[in-house]
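# Understanding the architecture of this molecule
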There are 2 protein chains.
Amino acid sequence: MDEIEWKHKPVESGYHAWLSYNKALPGAQLEQYRQWGGAIVSLEEQETIQAAAAELKLGLEAMLGHSVSAAPNQGQLHIALGTFDSLHVRYQSLFSEKEIEAAEAEGFVIRTSHADSCLAIGAASPAGVLYGVFHLLRLIGTGAAIDELAIISAPVNGLRMINHWDNFDGSIERGYAGNSFLYKNNRFTEDQERLRDYARMMASVGINAIAINNVNVHQEETLFITPTYLPQVAKLADIFRVYGIRLYLSINFASPIQIGGLETADPLELDVQGWWNNKASEIYAAIPDFGGFLVKADSENRPGPFTYGRDHAEGANMLAEALLPHGGIVIWRCFVYNCKQDWRDRKTDRARAAYDHFKPLDGRFNDNVVLQIKNGPLDFQVREPVSPLFGALEHTNQLIEFQITQEYTGQQRHLCYLVPQWKEILEFNTYAEGEKAPVKRVVDGSLWGNRINGMAAVTNVGEDWNWSGHLLAQANLYGYGRLAWNPDLTAEQIASEWIQLVFSLDAAIHDVISGLLMDSWSIYESYTAPLGIGWMVNPNHHYGPNVDGYEYSPWGTYHFADHKGIGVDRTVQTGTGYSAQYMGANAEVYNSLEHCPDELLLFFHHVPYTHVLHSGKTVIQHIYDNHFEGVERAAQLLSAWSSLQGRIKEELYSQVEERLREQARHAEEWRDQINTYFWRKSGIEDKHHRKIY
Amino acid sequence: MDEIEWKHKPVESGYHAWLSYNKALPGAQLEQYRQWGGAIVSLEEQETIQAAAAELKLGLEAMLGHSVSAAPNQGQLHIALGTFDSLHVRYQSLFSEKEIEAAEAEGFVIRTSHADSCLAIGAASPAGVLYGVFHLLRLIGTGAAIDELAIISAPVNGLRMINHWDNFDGSIERGYAGNSFLYKNNRFTEDQERLRDYARMMASVGINAIAINNVNVHQEETLFITPTYLPQVAKLADIFRVYGIRLYLSINFASPIQIGGLETADPLELDVQGWWNNKASEIYAAIPDFGGFLVKADSENRPGPFTYGRDHAEGANMLAEALLPHGGIVIWRCFVYNCKQDWRDRKTDRARAAYDHFKPLDGRFNDNVVLQIKNGPLDFQVREPVSPLFGALEHTNQLIEFQITQEYTGQQRHLCYLVPQWKEILEFNTYAEGEKAPVKRVVDGSLWGNRINGMAAVTNVGEDWNWSGHLLAQANLYGYGRLAWNPDLTAEQIASEWIQLVFSLDAAIHDVISGLLMDSWSIYESYTAPLGIGWMVNPNHHYGPNVDGYEYSPWGTYHFADHKGIGVDRTVQTGTGYSAQYMGANAEVYNSLEHCPDELLLFFHHVPYTHVLHSGKTVIQHIYDNHFEGVERAAQLLSAWSSLQGRIKEELYSQVEERLREQARHAEEWRDQINTYFWRKSGIEDKHHRKIY
């Protein structure tokens, strides 16, 4: 009963997340904020500008504890906001041509001018103004000085996208924060307030694109692009539009058959093309700024062009041509592989699949198609190498796909702050175009000048009042947006912002929570599948340990452990040759037993348990040590958090404590199953004679 | 499309099963049948007698190809049937006092009297007459002579019960023949014809009790004993009653709370007792011959007396007292164990649980309570020892519970004729009361004179037109009934009857099908979990191999395989002491590594892979050999069946061929996973160097 009651106290639950606008602490800084923040000048009627002004008023009044007027007295310091073209002339001179150019279409400039008694936020677009407002609020929320501001900020990535895997029945595929807040029982939600709050949160971190339904498009969701549901989709788009977000739909490639009455969905058939052309017109009539289609085709039993002997370029381009006249795009997922593999077959390698499918198609996709490539070759494991497709597609628009929802990383029962992982991936040098070509420069389009570029991520939100189930998992959602805006931010910086905005500016509190977040990925990795091998989870739901869970399955995810050793040989000489999909030094390093990094050793090599790692430990001893230590470190997360009791809001404290307690207990289950499995299989004793079953 | 169409051709599908009444072949025997079977004399109005006469007319006309009259001409040979008390006086003298006594309440006498021109079927009860009619039809269907009959047959077991695990939503727990034909979408079926045909089938093999709902009683089924559904339950009971079958309900022990508005279900509370007393009266008002309650309590998360600190005798007796005035009984399942065990804990042994729970309660149950004991200590594995509870409860009514539905024995995708297994169990000597006390004598009540005795079994039927999914799995349903009537029938005899009634009297056809059935249990055992260890299946649905599927689970079902060996030590000296639950020589044999039978070795002992079996093979070589051979033998099932193409009805042929083909393929999956697992774990080569992965 207690828990249910708690769940219905949104304010105390973390519902306001990083838009909590906690009251600023007394002091000189507060005085400064109050001086500047007593009045807002915003003259444009445009709905996004209005929303920006309203947000600013809300935030300032909450944080500063005074009321904010819409008209400054003569000479009163104030905040002015608007688009460069429509700002009152007295503010326009504050921004130089160069600054205006640097802010680009979606960025903003913030300048404090004592001479003009004005802190001005200017941008080329209304969305830019909104982003500027959120930036200023973030500065205040994190206690930064604002009286000498000269900020120019433009998003590094063009698309900063969220993918919802929400189903129309209200369930969420890989959702760990309750059911969908978009749908319930095959109806669109009527809770407009929650939708608006969600759009505010997303805009505040720069999200500009949201696909509202699962990439596995079932029967009922196939109808989203029909008159049955289009009006309701359009209403959702109306809400998003205010906050600078374009709505996208996952579509069913077989729609022409399933809802169009055609007998084929062959992309080269004129009937099919005509059907999609008409469909696009119909959608844009309802949603003039509709973003486009997200497509999972020929993957995990979804329909696609392969059915008709066509390739993915033919499939994607057909849709792209339908959307082109309306300014829409096709986002085509590269998660294509044989999910009916024979586990006996060691030649077929699922890790190769995305590259093998899409590398030959480089240059064949239309200009309004963008490929969405998962960060790694398999599927969002706690550790896997970067997908070799990054850097391999010189003539193709591309997005990186991350997974905010913690499918394989503890499902929001365990703490796993993923920003450090994403940072590592984005900084990974692909060796494309010479010596310095990190993934982030492939993704942001700068390496090859791709028109469409950016990031997409599967979100972790649901109807739990704190949005993310585990309160600390909010930091992943926040961090994803921040990183998409600026991949050069560090994981620590992002963590700090989020902690300060949600919890407190208190340095001691900050340090505890930051420590938890920053350690958590490494801790989770240490007590789960070792050395990059992945997949030792229970099939289907993917929670909890099961070493052989996928070993004899058709999913292409094996560890090949026997009594002597473990690992997948992906070398050129004796294995699947996957390592050769990389460029430059990467190919050599991964292919080499000697140079392959420890954390990816078993991804690339099959080695005896007695193989000695760079760390100096044998593989088996590394497994034992890491699992024992991982459990201790998981327990330390709980004890560190416990030090916050009484120092942060009880409702926030207790919900996290409950999850960390579960994590500590469940980490023991991981440790014991993994260690027992390898002890029973190898027969090699733990050097330290700890308890293994 | 073909398959769907086929499914809607009930007549060709096997729908009529062993009541197919195939046309008799021309010859002397047919002439004999025609002489006797030209007229039926049946004078009683009673509905069961009427049904018996109708069945006899139906069967005779179909098999003999002539019409049967209800009034013989003067001197015409004919068949007369009726109860001893109500038969026409001219027939009464045909039955001696001794015969009448021997037929008991439910049995029958069949006598051919040339002097009286009559083949008479007499019985004490209408149900007995019905059983006699089915017996005569079976004689004709199997081609037996009928002109010198002098048969006295009485059922050996009192209760011959079927348990349905059908849920009200139409699903069937562990059902492999489609959805329920009793319910659909939380409604009772309207297909009265199918229900009647089902009752006919059950009566024809002597079933006299059917529990119509799953022992896991969910929310909606809890309402079966309320006015909401009682009228519909009563309508079903009306159908069953005609065929001598009493209807039973699985009930929810927590009903007083869930539907009674009480705050407790404590069996010692007067309110609770009163509630059940009233409930019983209400049920019997609707169904005067209601059989009673089937109860799964304190098991696998079901509610029960433990919640209130009461024991199972207190729980069962409370219900029994409510039913007693109406002649009802309580069937209380002994499947009680800790389903939240820690896999690390090798001291707790689920196999011990039923005995440990119920042995101390012997003598404490009321006279109208009967314990329902699963055949083995675990859960219907292809091989496990007989439950040590048989023979251990001298002062308690008891039933044996079999599972006709093939949960762990191939789910009606694989062929597994279970009658040989049941026979082996029934003949097992418990050593209770001296040297000769087979399970069958415990079960039939003769060993200790138990008033309530017999068999119960979880049925394998569903809405598939052939009832059982796999046509050959019908033989298990048929065989269960026949064995419950007479446990001294052999598995071969039963198979022969079923084959002749369904397919053909042709000896060559018979021999092929009989060979398939008789080999099938051994074949299934050979390619699945070895040497009695069991459980190497995928969790939850239990289909297909998964060696570690339950190894780290809370279900208490482990094999403890490591690189050196495998098995559960259940000895007294070093193990769980389970072997001491047996009596006499059994305890010694099972406890002894030397004497334990090979097929149960790993159930009782943990041994190295190099341990030499009585067969002369090592454990590991036995595993390899059996799995390779098992697959070959599974393939032979298919090729043997193929020899029948064109010789039996195509519709019957093809449906079985499809399943045998799947079995042959799936047996390879079993072989490869099991062999690979043990090869990888042990590192011991197959002596014959066959392909292991």
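Residues numbered from 1 in each chain as written. Chains lettered and ligands numbered in written order. Predicted model: local features only at pLDDT ≥ 70, side-chain atom pairs only at ≥ 80, totals over all residues. Heavy atoms only, no water.

Next up on the list: the overall build of chain A. A count of helices and strands for chain A gives 23 helices and 17 strands. The C-alpha atoms of chain A give 26 Å as radius of gyration, which agrees with the globular expectation for 693 residues (26 Å, within 12%). Across its three principal axes, chain A shows a C-alpha extent of roughly 80 × 65 × 55 Å. The proportion of buried residues among the 693 residues of chain A is 63%. Contacts spanning at least 24 positions in sequence make up 73% of the contacts within chain A whose residues lie at least 6 apart. Of the roughly 24,400 Å² of accessible surface on chain A, 50% is carried by carbon and sulfur atoms. (Helix = DSSP H or I, 4+ residues; strand = E, 2+ residues; numbered from the N terminus. Rg over C-alpha atoms; globule rule 2.2 N^0.38 Å. Buried < 20%, exposed > 50% of the residue type's maximum accessible area, 1.4 Å probe, protein only. Contact = heavy atoms within 4.5 Å. Areas by Shrake-Rupley, 256 points an atom, 1.4 Å probe, with all protein chains shown as cover.)

Residues and elements named next belong to chain B. Note on placement: glutamate 662 falls in helix α22 (residues 650-682). Among the polar contacts made by the side chain of glutamate 662, one reaches the side chain of tyrosine 543 at a distance of 3.4 Å. If near-sequence neighbours (up to four positions away) are discounted, glutamate 662 is found in contact with Arg413 and Tyr543. (Polar contact = N/O pair within 3.5 Å; in protein donor to acceptor, adjacent residues only side chain to side chain.)

Excluding glycine, most residues fall at negative phi; most peptide bonds, likewise, are trans. A positive phi angle is found at glutamine 412 of chain A, which is not glycine, with a value near 60°. As for its placement among the helices and strands, glutamine 412 of chain A is situated in the loop between β14 (398-403) and α15 (419-427). Not every positive phi belongs to a glycine, and glutamine 411 of chain B is a case in point at roughly 50°. Note that glutamine 411 of chain B resides in the loop between β14 (398-403) and α14 (419-427). Relative accessible area serves as the criterion here: at 7%, glutamine 411 of chain B is assigned to the buried category.

Another point: the packing of aromatic side chains. Counted by the stated rule, this structure contains 90 aromatic pairs over all chains. Relative to phenylalanine 365 of chain B, the ring of phenylalanine 358 of chain B lies with its centre 6.5 Å away and its plane at 25°, an arrangement referred to as stacked. Taken individually, phenylalanine 358 of chain B and phenylalanine 365 of chain B each receive the classification buried, so the pair is uniform in this respect. Ring pairing ties together the aromatic residues Tyr15, Phe181, Tyr198, Trp465 and Trp467 of chain A, which thus form one cluster. One cation-aromatic arrangement involves arginine 350 of chain A over tyrosine 337 of chain A; the distance from NZ or CZ to the ring centre is 3.7 Å. Between the NZ or CZ atom of lysine 374 of chain B and the centre of the ring of phenylalanine 335 of chain B, over which it lies, the distance is 3.2 Å. (Phe/Tyr/Trp six-rings, centres within 6.5 Å; stacked < 30°, edge-to-face > 60°. Lys NZ or Arg CZ within 6 Å of the ring centre and 35° of its normal.)

Over its 33 residues, helix α23 (residues 650-682) of chain A extends 47 Å from the first C-alpha to the last, a length consistent with the 48 Å expected when each residue adds 1.5 Å. Looking one or two residues past α23 of chain A, glycine 683 of chain A carries a phi angle of roughly 70°, positive in sign. (Expected span 1.5 Å × (residues − 1).)

This part is about the interface of chain B and chain A. With 22 residues of chain B in contact, the opposing surface of chain A contributes 22 residues. For the chain B and chain A pair, buried surface summed over both sides reaches about 2,100 Å², with 50% attributable to carbon and sulfur atoms. It is Arg344, Tyr552 and Arg680 of chain B in chain B that bury the most area against chain A; as a group they hold 37% of the surface buried on that side. At the junction of chain B with chain A, the criterion picks out 6 salt bridges. Across the pair glutamate 551 of chain B and arginine 680 of chain A runs a salt bridge, and its minimum N-O distance is 2.9 Å. (Buried area = accessible area lost by both parts, 1.4 Å probe. Salt bridge = Lys/Arg side-chain N within 4 Å of Asp/Glu carboxyl O.)

Each copy superposes on the other: chain B lies on chain A with an RMSD of 0.0 Å after a rotation of 180° and an axial shift of 0.0 Å. A rotation of that kind, with that shift, is consistent with a two-fold axis. Rotation axis and chain B: the residue whose C-alpha lies nearest the axis is lysine 681 of chain B, separated from it by 2.7 Å. Both copies present the same face, since 100% of the interface residues in chain B are matched by interface residues at the equivalent positions in chain A. (Least-squares fit on C-alpha atoms with pLDDT ≥ 70 in both.)

Residue and element names in this part refer to chain B. Look at helix α17 (residues 491-502) against helix α18 (residues 507-527): their axes get within 10 Å of each other, and the N-to-C directions meet at 130°. When the axis of α17 is compared with that of α18, the two are oblique. Relative to α18, α17 is oriented so that their crossing is right-handed. The residues of α18 that touch α17, namely those facing Ala491, Glu492, Ala495, Ser496, Trp498, Ile499 and Gln500, are His510, Ile513, Ser514, Leu517 and Met518. (Axes fitted to C-alpha atoms, helices over the stretch in contact; angles between N-to-C directions. Parallel < 35°, antiparallel > 145°, perpendicular 65-115°, else oblique. Left-handed = near helix turned anticlockwise from the far one by under 90°.)

Moving on to the sheet that holds strand β5 (residues 150-153) of chain A. All names here are of chain A. Sheet architecture is open: 5 strands sit in the order β1-β2-β4-β3-β5, paired in mixed fashion. If you trace the sheet from one side to the other, it starts and ends with β1 (40-41) and β5, each paired once. Of the strand pairs in this sheet, strand β3 (residues 108-113) and β5 are connected by 4 bridges, and their pairing is antiparallel. When the sheet's bridge partners are listed, phenylalanine 108 is paired in β5 with serine 153. (Pairing = 2+ DSSP bridges.)

This next bit is on the sheet that holds strand β15 (residues 453-458) of chain B. Residue and element names in this part refer to chain B. Spatially, 8 strands are ordered β6-β9-β10-β11-β12-β13-β14-β15 in a closed barrel, and the strand pairing comes out parallel. Strand-to-strand, the axes of this sheet are offset by a mean angle of 25°, without reference to chain direction. As paired elements, strand β9 (residues 209-211) and strand β10 (residues 246-250) share 3 bridges and run parallel to each other. From the neighbouring strand, alanine 211 faces β10, where its bridge partner is tyrosine 248. The strands touched by helix α16 (residues 474-485) within the sheet are β6 (159-163), β14 and β15, with β6 carrying the most contacts at an inclination of about 155°.

If you walk through the whole model with that rule in mind, you get 72 salt bridges over all chains. The partner of lysine 184 of chain A in a salt bridge is glutamate 463 of chain A, with the nearest N and O atoms 3.0 Å apart. Of this pair, lysine 184 of chain A sits in strand β7 (residues 183-184) while glutamate 463 of chain A sits in the loop between β15 (453-458) and α17 (474-485), placing them 279 residues apart in sequence. For lysine 184 of chain A, a relative accessible area of 46% translates into the label partly exposed. A residue is classified by how much of its surface remains accessible, and glutamate 463 of chain A, at 29% relative accessible area, is partly exposed. Overlapping salt bridges bring together Asp342 and Arg344 of chain A together with Glu669, Arg671 and Asp672 of chain B as one network.

This paragraph deals with the UniProt feature "domain: Glycosyl hydrolase family 67 catalytic" (unreviewed entry) in chain A. Here the UniProt feature "domain: Glycosyl hydrolase family 67 catalytic" (unreviewed entry) sits at residues 142-467 of chain A. As a span, residues 142-467 of chain A carries 25% helix and 15% strand, and end to end its C-alpha atoms are 22 Å apart. (UniProt positions renumbered as here; feature names shortened; annotations may be inferred.)

Attention now moves to the environment of isoleucine 648 of chain A. Residue and element names in this part refer to chain A. Within the secondary structure layout, isoleucine 648 lies in the loop between α22 (619-642) and α23. Residue isoleucine 648 is classed as buried on the basis of its relative accessible area of 11%. Apart from the residues within four sequence positions on either side, isoleucine 648 is in contact with Phe503, Ile509, Trp641 and Tyr653.

Residues and elements named next belong to chain A. Those places that UniProt annotates as "active site" (unreviewed entry) correspond, in this numbering, to Glu300, Asp379 and Glu407. Positionally, glutamate 300 belongs in the loop between β11 (292-295) and α13 (312-323). Using a relative accessible area of 22% as the deciding quantity, one classes glutamate 300 as partly exposed. Glutamate 300 has contacts with Phe335, Tyr337, Cys339 and Trp555, leaving out every residue within four places of it along the chain. Of note is the side chain of glutamate 300, whose polar atom sits 2.7 Å from the side chain of lysine 296. Along the polypeptide, aspartate 379 turns up in the loop between β13 (369-374) and β14. With a relative accessible area of 6%, aspartate 379 lands in the buried category.

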